[in-house]
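Each chain, written out:
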Amino acid sequence: MAADPKNRRVLLVDDHVLVRAGLAALIGRLDGWEVVGEAGDGEAALVLAEALVPDVVIMDVSMPVLDGIEATRRMVKQYGTAVLILSMHASKEHVCEALRAGARGYLVKTSTGLELELALTAVARGEVWLSPTIANAVVDDLRSVSSPASPLTPRQLDVLRKIAEGKSTREVAHLLGVSVKTVETDRAQIMERLDIHNVAGLVRYALATKLVER
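All figures in this text were calculated on a predicted structure; none of them were measured in a lab.

Note that Leu207 resides in helix H10 (residues 199-208). Taking the C-alpha atoms as reference, Leu207 lies 8.1 Å from Ala164; in sequence the two are 43 residues apart.

So, in C-alpha coordinates, the structure goes:
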(Lines give C-alpha, C1' and ligand atoms only; values in the text may rest on other atoms or scores of the structure.)
Protein backbone atom coordinates (compact mmCIF):
# COMPACT_ATOMS: atom_id res chain seq x y z
CA MET A 1 0.00 0.00 0.00
CA ALA A 2 1.36 3.41 -0.95
CA ALA A 3 2.14 5.88 1.80
CA ASP A 4 -0.35 8.66 2.33
CA PRO A 5 1.48 11.95 1.59
CA LYS A 6 -0.73 13.68 4.17
CA ASN A 7 0.48 11.45 6.99
CA ARG A 8 3.48 12.31 9.14
CA ARG A 9 6.17 9.67 8.87
CA VAL A 10 7.69 7.82 11.82
CA LEU A 11 10.87 5.74 12.00
CA LEU A 12 10.98 3.22 14.88
CA VAL A 13 14.36 2.41 16.44
CA ASP A 14 14.44 -0.30 19.13
CA ASP A 15 16.40 -3.54 19.40
CA HIS A 16 13.31 -5.48 20.54
CA VAL A 17 11.16 -6.69 17.65
CA LEU A 18 8.04 -7.04 19.80
CA VAL A 19 8.38 -3.47 21.07
CA ARG A 20 8.59 -2.18 17.50
CA ALA A 21 5.59 -4.30 16.52
CA GLY A 22 3.54 -2.91 19.41
CA LEU A 23 4.49 0.67 18.59
CA ALA A 24 3.73 0.16 14.91
CA ALA A 25 0.29 -1.20 15.75
CA LEU A 26 -0.40 1.68 18.12
CA ILE A 27 0.76 4.37 15.69
CA GLY A 28 -1.21 2.69 12.92
CA ARG A 29 -4.38 3.54 14.84
CA LEU A 30 -3.50 7.24 15.11
CA ASP A 31 -4.96 9.63 12.55
CA GLY A 32 -2.34 11.34 10.42
CA TRP A 33 0.59 9.11 11.36
CA GLU A 34 2.28 6.11 9.79
CA VAL A 35 5.39 4.02 10.39
CA VAL A 36 7.67 4.09 7.35
CA GLY A 37 10.64 2.12 8.66
CA GLU A 38 12.18 0.18 11.54
CA ALA A 39 15.74 -0.31 12.79
CA GLY A 40 17.23 -2.44 15.54
CA ASP A 41 20.33 -0.35 16.28
CA GLY A 42 21.64 3.18 16.00
CA GLU A 43 23.80 2.69 12.91
CA ALA A 44 20.94 1.19 10.92
CA ALA A 45 18.77 4.07 12.11
CA LEU A 46 21.19 6.63 10.69
CA VAL A 47 21.04 4.96 7.27
CA LEU A 48 17.24 4.87 7.29
CA ALA A 49 16.93 8.44 8.57
CA GLU A 50 18.87 9.65 5.55
CA ALA A 51 16.93 7.47 3.10
CA LEU A 52 13.40 7.90 4.47
CA VAL A 53 13.52 11.46 5.88
CA PRO A 54 10.98 10.75 8.65
CA ASP A 55 9.11 13.52 10.43
CA VAL A 56 9.86 11.92 13.81
CA VAL A 57 12.20 9.16 14.95
CA ILE A 58 11.19 7.20 18.05
CA MET A 59 14.52 6.13 19.55
CA ASP A 60 15.39 3.67 22.31
CA VAL A 61 18.48 4.35 24.45
CA SER A 62 20.10 0.98 25.15
CA MET A 63 20.88 -0.75 21.84
CA PRO A 64 23.74 -2.75 20.31
CA VAL A 65 26.25 -1.41 17.77
CA LEU A 66 25.42 2.26 18.45
CA ASP A 67 23.34 3.42 21.41
CA GLY A 68 20.38 5.77 21.10
CA ILE A 69 22.07 8.82 22.62
CA GLU A 70 24.97 8.79 20.18
CA ALA A 71 22.67 7.94 17.28
CA THR A 72 20.48 10.91 18.23
CA ARG A 73 23.48 13.22 18.41
CA ARG A 74 24.65 12.23 14.93
CA MET A 75 21.16 12.19 13.43
CA VAL A 76 20.33 15.68 14.66
CA LYS A 77 23.69 17.05 13.58
CA GLN A 78 23.66 15.47 10.12
CA TYR A 79 19.98 15.58 9.18
CA GLY A 80 18.23 17.84 11.69
CA THR A 81 15.88 14.98 12.52
CA ALA A 82 13.20 15.34 15.21
CA VAL A 83 13.96 12.58 17.74
CA LEU A 84 11.64 11.35 20.47
CA ILE A 85 13.38 9.10 22.99
CA LEU A 86 11.27 6.20 24.29
CA SER A 87 13.12 4.33 27.01
CA MET A 88 12.74 2.30 30.17
CA HIS A 89 15.40 4.56 31.74
CA ALA A 90 13.85 7.40 33.74
CA SER A 91 16.93 8.80 35.49
CA LYS A 92 17.73 12.49 35.24
CA GLU A 93 21.14 11.66 33.78
CA HIS A 94 19.67 9.71 30.87
CA VAL A 95 17.04 12.38 30.16
CA CYS A 96 19.43 15.34 30.33
CA GLU A 97 21.98 13.53 28.19
CA ALA A 98 19.34 12.82 25.56
CA LEU A 99 18.28 16.47 25.49
CA ARG A 100 21.88 17.62 25.18
CA ALA A 101 22.27 15.22 22.25
CA GLY A 102 19.45 17.07 20.52
CA ALA A 103 16.37 14.96 21.29
CA ARG A 104 13.15 16.98 21.33
CA GLY A 105 11.28 14.66 23.66
CA TYR A 106 11.66 11.88 26.20
CA LEU A 107 9.01 9.31 27.07
CA VAL A 108 9.31 6.41 29.48
CA LYS A 109 7.98 3.07 28.29
CA THR A 110 5.30 3.08 30.98
CA SER A 111 3.61 6.01 29.19
CA THR A 112 0.10 5.68 27.81
CA GLY A 113 -0.93 5.70 24.16
CA LEU A 114 -2.36 9.18 24.63
CA GLU A 115 0.99 10.44 25.93
CA LEU A 116 2.72 8.97 22.90
CA GLU A 117 0.33 10.75 20.55
CA LEU A 118 0.76 14.05 22.37
CA ALA A 119 4.53 13.65 22.36
CA LEU A 120 4.65 12.85 18.64
CA THR A 121 2.53 15.89 17.82
CA ALA A 122 4.61 18.22 20.00
CA VAL A 123 7.95 16.97 18.68
CA ALA A 124 6.78 17.21 15.06
CA ARG A 125 5.90 20.88 15.73
CA GLY A 126 9.40 21.55 17.04
CA GLU A 127 8.28 21.66 20.66
CA VAL A 128 9.82 19.78 23.60
CA TRP A 129 7.90 17.00 25.34
CA LEU A 130 8.83 15.21 28.57
CA SER A 131 6.89 12.52 30.38
CA PRO A 132 5.06 14.23 33.26
CA THR A 133 6.60 11.71 35.67
CA ILE A 134 10.11 13.02 34.99
CA ALA A 135 9.57 16.63 33.91
CA ASN A 136 9.95 18.31 37.30
CA ALA A 137 13.05 16.34 38.23
CA VAL A 138 14.68 17.09 34.88
CA VAL A 139 14.00 20.83 35.13
CA ASP A 140 15.66 20.91 38.56
CA ASP A 141 18.64 18.98 37.24
CA LEU A 142 19.04 21.20 34.18
CA ARG A 143 19.09 24.25 36.42
CA SER A 144 21.93 22.76 38.45
CA VAL A 145 23.83 21.63 35.35
CA SER A 146 23.66 25.15 33.93
CA SER A 147 26.04 26.33 36.65
CA PRO A 148 29.65 26.79 35.51
CA ALA A 149 31.01 24.28 38.04
CA SER A 150 32.07 21.76 35.40
CA PRO A 151 32.36 21.93 31.61
CA LEU A 152 31.58 18.20 31.38
CA THR A 153 28.28 16.33 31.30
CA PRO A 154 27.50 13.76 34.02
CA ARG A 155 28.42 10.83 31.74
CA GLN A 156 31.61 12.54 30.61
CA LEU A 157 32.55 12.90 34.27
CA ASP A 158 31.88 9.18 34.73
CA VAL A 159 34.03 8.35 31.70
CA LEU A 160 36.83 10.61 32.95
CA ARG A 161 36.66 9.03 36.40
CA LYS A 162 36.95 5.52 34.95
CA ILE A 163 39.84 6.55 32.68
CA ALA A 164 41.66 8.08 35.64
CA GLU A 165 41.15 4.83 37.54
CA GLY A 166 43.05 3.03 34.80
CA LYS A 167 40.12 1.35 33.07
CA SER A 168 40.43 0.48 29.37
CA THR A 169 37.96 1.79 26.79
CA ARG A 170 36.17 -1.57 26.67
CA GLU A 171 36.01 -1.73 30.47
CA VAL A 172 34.52 1.78 30.64
CA ALA A 173 31.94 0.87 27.99
CA HIS A 174 30.95 -2.28 29.89
CA LEU A 175 30.72 -0.50 33.25
CA LEU A 176 28.57 2.35 31.87
CA GLY A 177 26.46 0.15 29.60
CA VAL A 178 27.33 2.03 26.40
CA SER A 179 29.22 1.18 23.21
CA VAL A 180 32.98 1.44 22.78
CA LYS A 181 32.39 4.08 20.09
CA THR A 182 30.38 6.16 22.57
CA VAL A 183 33.23 6.06 25.09
CA GLU A 184 35.73 7.03 22.39
CA THR A 185 33.50 9.95 21.38
CA ASP A 186 33.11 11.03 25.02
CA ARG A 187 36.87 10.87 25.57
CA ALA A 188 37.52 13.02 22.49
CA GLN A 189 34.94 15.57 23.65
CA ILE A 190 36.41 15.58 27.16
CA MET A 191 39.87 16.33 25.78
CA GLU A 192 38.47 19.08 23.56
CA ARG A 193 36.48 20.74 26.34
CA LEU A 194 39.34 20.57 28.84
CA ASP A 195 42.03 21.34 26.23
CA ILE A 196 43.92 18.27 27.45
CA HIS A 197 45.24 15.93 24.80
CA ASN A 198 46.69 12.91 26.59
CA VAL A 199 45.58 10.42 29.24
CA ALA A 200 48.20 11.57 31.73
CA GLY A 201 46.76 15.07 31.61
CA LEU A 202 43.25 13.71 32.13
CA VAL A 203 44.44 11.80 35.19
CA ARG A 204 46.03 14.95 36.63
CA TYR A 205 42.79 16.87 36.04
CA ALA A 206 40.75 14.13 37.74
CA LEU A 207 43.06 14.21 40.76
CA ALA A 208 43.07 18.01 40.94
CA THR A 209 39.26 18.18 40.85
CA LYS A 210 38.99 15.24 43.28
CA LEU A 211 37.07 13.05 40.85
CA VAL A 212 39.41 10.31 42.07
CA GLU A 213 41.54 10.00 45.17
CA ARG A 214 45.30 9.63 45.13
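Orientation of helix H4 (residues 92-100) relative to helix H7 (residues 154-164), taken along the N-to-C sense of each, is 105 degrees, at an axis distance of 9 Å. One element, H4, and the other, H7, form an angle in the roughly perpendicular class. Facing Glu93, Glu97 and Arg100 of H4, the residues of H7 in contact are Pro154, Arg155 and Asp158. Residues belonging to the contact of H4 with H7 are distributed by class as follows: one nonpolar, no polar and five charged.

Here we have six strands laid out as an open sheet, ordered S2-S1-S3-S4-S5-S6, and parallel in their pairing. With one partner strand each, in any of the chains shown, strand S2 (33-39) and strand S6 (129-130) form the two edges of the open sheet. Where strand S1 (residues 8-13) meets strand S3 (residues 56-59), four bridges bridge the pair, whose relative direction is parallel. Residue pairing in the sheet places Val10 in a bridge with Val56 of S3.

What counts and how
Residues numbered from 1 in each chain as written. Predicted model: local features only at pLDDT ≥ 70, side-chain atom pairs only at ≥ 80, totals over all residues. Heavy atoms only, no water. Helix = DSSP H or I, 4+ residues; strand = E, 2+ residues; numbered from the N terminus. Axes fitted to C-alpha atoms, helices over the stretch in contact; angles between N-to-C directions. Parallel < 35°, antiparallel > 145°, perpendicular 65-115°, else oblique. Contact = heavy atoms within 4.5 Å. Nonpolar A, V, L, I, M, F, W, Y, C, P; charged D, E, K, R; others polar. Pairing = 2+ DSSP bridges.

As far as function goes, none of this settles anything; it's purely spatial.
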